[in-house]
Amino acid sequence: MSAGTLYDKVWELHRVADLPGGATQLFIGLHLIHEVTSPQAFAALDDLGLSVRHPERTVATVDHIVPTTSQARPFADPLAEEMLATLEGNCARHGITLHGLGSGRQGIVHVIAPELGLTQPGMTVACGDSHTSTHGAFGAIAFGIGTSQVRDVLASQSLAMGKLKVRRIWVEGALQVGVYAKDLVLHVIRILGVKGGVGYAYEFAGPAIEALSMEERMTLCNMAIEGGARCGYVNPDAVTFAYLKGRPHAPAGEAWERAVAWWRSLASGPEASFDDEVVFDAATIAPTVTWGITPGQGIGVDETVPTLEQTEADERPLTEEAYRYMDLRPGTPIEGVPVDVCFIGSCTNGRLSDLRAAAAVARGRHVAAGIKAFVVPGSEQVAAQAEAEGLDAVFRAAGFEWREPGCSMCLAMNPDRLEGRQISASSSNRNFKGRQGSASGRTLLMSPAMVAAAAVSGHVADVRRLIVVPTTPEPAATRA
C-alpha cells in the first residue's frame with residue numbers, strides 16, 4: 001500500500017471519478033438506513049423509476065422512533081407505526097436486509113453494524129444520520145449524509161464529495177480511573193471548538209488512543225462530528241481485529257488472515273503527512289460535563305461555569321445565551337447542580353461496556369428521591385448480554401428503569417422526552433436547546449458512569465469519589 005494517511009488510502013481505493021468542480025465520485029462500501037431519513041429517498045427512486053443499485057450493500061434497522069417501554073405492534077403513536085411499516089415495505093420491495101424488532105439484531109444503527117461485523121477497516125460507510133462517524137473507530141471512513149444523498153447512494157452506490165484535510169489528534173499518557181472516552185472527546189471539543197474540525201477528518205492516535213477498547217473508540221469517533229469534523233477515525237490494530245474476529249459478517253478461515261494483513265497496511269505510517277496536528281495529555285483530563293448549549297461548552301467536574309472574562313470575545317454572545325437558557329450563573333461549581341432525569345443510552349454510550357461502567361456505580365446504591373433514571377441498551381444483543389450478566393438486575397435494584405433497545409431520549413423522536421424545564425444528566429451526544437424533547441429542557445452531557453453518579457446523588461457528582469478501586473494487599477514482610 002502506498003504511503004499516506006489511512007484517509008488518503010481509503011479515499012483513493014474508492015475513487016470512481018473526478019467530477020467537474022473538484023468533487024470526487026466515491027464508491028460507498030456499506031450503506032446503513034433507518035426509518036427516519038429513508039422514506040423520502042425511496043419515494044424519489046420511485047418517482048425516477050429507479051431501483052436500488054446494490055441491495056446487498058444496504059442494511060436497515062429501526063431505532064429513532066421505537067418506544068422503549070413497550071414495542072408491541074401496532075405502536076401507540078400512529079406516525080411511528082407508519083414510519084416503521086414504510087421501512088418494512090421498502091426493504092421488502094428492494095430486497096434489503098432489515099433487522100427488525102424481535103429479530104435479535106435490532107438496535108441503534110451505529111451499534112448493530114459493528115457488533116454484526118458489517119463495519120470493517122478500509123470501508124467507506126454512509127448513513128442518513130450525523131453520527132455515522134462512529135464507524136471510523138474501525139479504520140473506516142464514515143459519513144453522515146442527508147436524505148437526497150441517501151437517494152443517491154441507493155441509486156448509484158456512490159456519493160459526490162470533496163476531499164477533506166486530515167488533522168491528527170495525538171493523545172499522550174493514560175486516562176485516570178473514572179475518566180472515559182466520553183470525557184476525552186468532550187475535552188477535545190472544548191479545546192478545539194465545535195467548528196474547529198470544519199473541513200477536516202480527525203485521526204485519533206497516540207498511546208491513550210491505542211489503550212482504548214473498540215467500544216471506547218466508537219464513542220470517540222461518534223462525537224468527532226460534534227467538533228465540526230466530517231469524520232473521525234482510529235487506525236486498525238490488534239484491538240480492532242480481536243473485536244471483529246468471529247462476528248457474523250467478518251471474514252473467516254484463510255480469508256481472515258488475508259483481511260488482517262490488508263487492514264494492517266491501511267494504517268497511517270510514520271511517513272504520513274498531516275495537514276495539522278494537536279497534542280493532548282490524557283492524564284490531565286477530568287470527568288467532563290457540559291454546562292451550556294453546545295458540546296463545546298464543557299468543563300471538568302471540579303471546575304466552575306466560566307465567566308465572560310474567561311471566554312473568547314467571539315464566543316461571549318453564545319455564552320450569555322447559555323447562561324440564560326441553562327439558568328446557570330458564571331462561577332457556579334458544576335458539581336452539585338441538581339438534575340431531574342438521568343438517561344443512560346444512545347449511539348454514543350449505549351454499549352455493553354457503558355452499561356458495565358454505570359452499573360459499577362449503581363451497585364449497592366439507590367437513585368435519589370425525585371429522580372427519574374432509566375437505562376436503554378443500544379441493541380437487542382446488548383440487552384441480552386447485559387441481562388445474562390445480571391446488569392439489568394443491578395440497575396433495577398438501584399431504582400433505574402430497564403428499557404427496550406432504541407435511540408430513546410437522545411433526539412426524542414419517541415415517548416422518551418424531557419418535560420418543561422427539567423434538567424437531564426445524559427450520556428447522549430448533543431445538548432442543543434430542545435434536543436431531548438422539550439423546547440425548554442436542559443441537557444448536561446457526561447459519561448454513563450457520571451450519569452449513574454448523578455442519579456444516585458441527585459445532582460452532578462464526581463464519579464471518582466464513588467468508584468471502588470481494588471487494591472493489592474501489601475506483602476506482610478514489608479508492613480511495619
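This structure is a prediction, so every number in the text was calculated from the model and none was measured.

A. The overall build of the chain, seen in detail. Scanning the chain for helices and strands turns up 16 helices and 19 strands. Since a compact globule built from 480 residues should have a radius of gyration of about 23 Å, the 22 Å found for the chain is in line with a globular shape. Dimensions along the principal axes, computed over C-alpha positions, put the chain at roughly 70 × 55 × 55 Å. Residue burial in the chain is summarised as follows: out of 480 residues, 57% are buried. On the chain, roughly 18400 Å² of surface is accessible, and the fraction owed to carbon and sulfur atoms is 52%. Of the charged side chains in the chain, 40 are positive and 52 negative; the average position of the first set lies 0 Å away from that of the second.

B. Structural detail: the packing of aromatic side chains. Across all of its chains, the model carries nine aromatic pairs by this definition. With 5.9 Å between their ring centres and 25 degrees between their planes, phenylalanine 241 and tryptophan 263 make a pair best called stacked. Pair noted here: phenylalanine 241 is in helix H9 (residues 238–244) and tryptophan 263 is in helix H10 (residues 254–266), with a separation of 22 residues, a long-range link. The same class applies to phenylalanine 241 and to tryptophan 263, which are both buried. Clustering of aromatic rings is evident, with ring pairs tying together Phe241, Trp256 and Trp263. For the cation-ring pair, arginine 167 lies above tyrosine 200, with the distance from its terminal atom to the ring centre recorded as 4.1 Å. When the ring centre of tyrosine 325 is taken as reference, the NZ or CZ atom of arginine 421 above it lies at 5.6 Å.

C. Examining the nonpolar core more closely. Counting 77 residues, the largest nonpolar core has Tyr7, Ile65, Phe143 and Phe204 as its most contacted members. Residues in contact with phenylalanine 143, not counting those within four places in the same chain, are Trp11, Leu26, Val125, Ala126, Cys127, Thr132, Met161, Leu164, Arg230 and Cys231. Membership of the second largest hydrophobic core comes to 56 residues, among which are Ile299, Cys342, Trp402 and Val463.

D. Structural detail: helix H6 (residues 181–192). Here H6 contains twelve residues, and its C-alpha end-to-end distance of 16 Å stays within 8% of the 16 Å for a straight helix at 1.5 Å per residue. Among the twelve residues of H6, nine are classified as buried, and the element is accordingly described as predominantly covered. Listing the buried residues of H6 in full gives Ala181, Lys182, Asp183, Leu184, Val185, Leu186, His187, Val188 and Ile189. Immediately beyond the C-terminal end of H6, within one or two residues, lies glycine 193, with a positive phi of roughly 95 degrees.

E. Fine view of the UniProt feature "binding site: [4Fe-4S] cluster" (unreviewed entry) in the chain. Sequence positions flagged by UniProt for "binding site: [4Fe-4S] cluster" (unreviewed entry) are, in local numbering, Cys347, Cys407 and Cys410. Taken along the chain, the residues just named run across 64 residues; in space they keep tight, none of their C-alpha pairs more than 8.8 Å apart. If near-sequence neighbours (up to four positions away) are discounted, cysteine 347 is found in contact with Ile108, His110, Val111, His131, Asn222 and Asn429. Accessibility expressed as a relative area gives 7% for cysteine 410, which makes it buried. In this structure cysteine 410 touches Phe343, Ser346, Ser428, Asn429, Arg435 and Gln436, once residues within four positions along its chain are discounted.

F. Region of interest: the domain arrangement of the chain. Along its sequence, the chain is organised into domain 1 (6–277) and domain 2 (287–465). Residue-level contacts link 45 residues of domain 1 with 49 residues of domain 2. A combined buried area of about 3600 Å² lies between domain 1 and domain 2, and 54% of that area is made up of carbon and sulfur atoms. Inspection of the domain 1/domain 2 interface yields two salt bridges. In this structure, arginine 190 engages glutamate 303 in a salt bridge whose closest nitrogen and oxygen atoms are separated by 2.9 Å. On inspection of domain 1 and its partner domain 2, the count reaches 28 residue pairs in polar contact (both at pLDDT 80 or more). Every element with two or more residues in the side of domain 1 that touches domain 2 is listed here: helix H4 (109–115), H6 and helix H8 (214–222). At five residues, H6 tops the list of elements feeding residues into the side of domain 1 that touches domain 2. Residues that form the side of domain 1 that touches domain 2 fall into these classes: 19 nonpolar, 18 polar and eight charged.

G. Main features of the packing of helix H2 (residues 39–48) against helix H3 (residues 78–94). In the contact formed by H2 and H3, the axes pass within 10 Å of each other and the chain directions differ by 45 degrees. Between H2 and H3, the angle falls in the class oblique. Crossing hand, H2 versus H3: left-handed. Contacts between H2 and H3 involve Pro39, Phe42 and Asp46 from the first element and Thr86, Asn90, Arg93 and His94 from the second. Split into classes, the residues belonging to the contact of H2 with H3 amount to two nonpolar, three polar and two charged.

H. Focus on the side chain of threonine 288. By secondary structure assignment, the location of threonine 288 is in strand S13 (residues 288–290). Relative accessible area serves as the criterion here: at 3%, threonine 288 is assigned to the buried category. Here alanine 286 takes part through its backbone oxygen, which lies 2.8 Å from a polar atom of the side chain of threonine 288. Beyond its immediate stretch of four places on either side in the chain, threonine 288 contacts Asp183, Leu186, Gly298, Ile299, Gly300, Leu445 and Met446.

I. Unusual backbone geometry, seen in detail. A cis amide bond links arginine 73 to the next residue, proline 74, at an omega of -5 degrees. As for its position among the elements, proline 74 is in the loop between strand S4 (58–61) and H3. Not every positive phi belongs to a glycine, and serine 346 is a case in point at roughly 95 degrees. Within the element layout of this structure, serine 346 appears in helix H12 (residues 346–349).

Rules used throughout
Residues numbered from 1 in each chain as written. Predicted model: local features only at pLDDT ≥ 70, side-chain atom pairs only at ≥ 80, totals over all residues. Heavy atoms only, no water. Helix = DSSP H or I, 4+ residues; strand = E, 2+ residues; numbered from the N terminus. Rg over C-alpha atoms; globule rule 2.2 N^0.38 Å. Buried < 20%, exposed > 50% of the residue type's maximum accessible area, 1.4 Å probe, protein only. Areas by Shrake-Rupley, 256 points an atom, 1.4 Å probe, with all protein chains shown as cover. Lys, Arg positive; Asp, Glu negative; His and termini not counted. Charge placed at Lys NZ, Arg CZ, Asp CG, Glu CD. Phe/Tyr/Trp six-rings, centres within 6.5 Å; stacked < 30°, edge-to-face > 60°. Lys NZ or Arg CZ within 6 Å of the ring centre and 35° of its normal. Core = buried A, V, L, I, M, F, W, Y, C linked by side-chain atoms within 4.5 Å. Contact = heavy atoms within 4.5 Å. Expected span 1.5 Å × (residues − 1). UniProt positions renumbered as here; feature names shortened; annotations may be inferred. Domains from an automatic or database assignment. Buried area = accessible area lost by both parts, 1.4 Å probe. Salt bridge = Lys/Arg side-chain N within 4 Å of Asp/Glu carboxyl O. Polar contact = N/O pair within 3.5 Å; in protein donor to acceptor, adjacent residues only side chain to side chain. Nonpolar A, V, L, I, M, F, W, Y, C, P; charged D, E, K, R; others polar. Axes fitted to C-alpha atoms, helices over the stretch in contact; angles between N-to-C directions. Parallel < 35°, antiparallel > 145°, perpendicular 65-115°, else oblique. Left-handed = near helix turned anticlockwise from the far one by under 90°.

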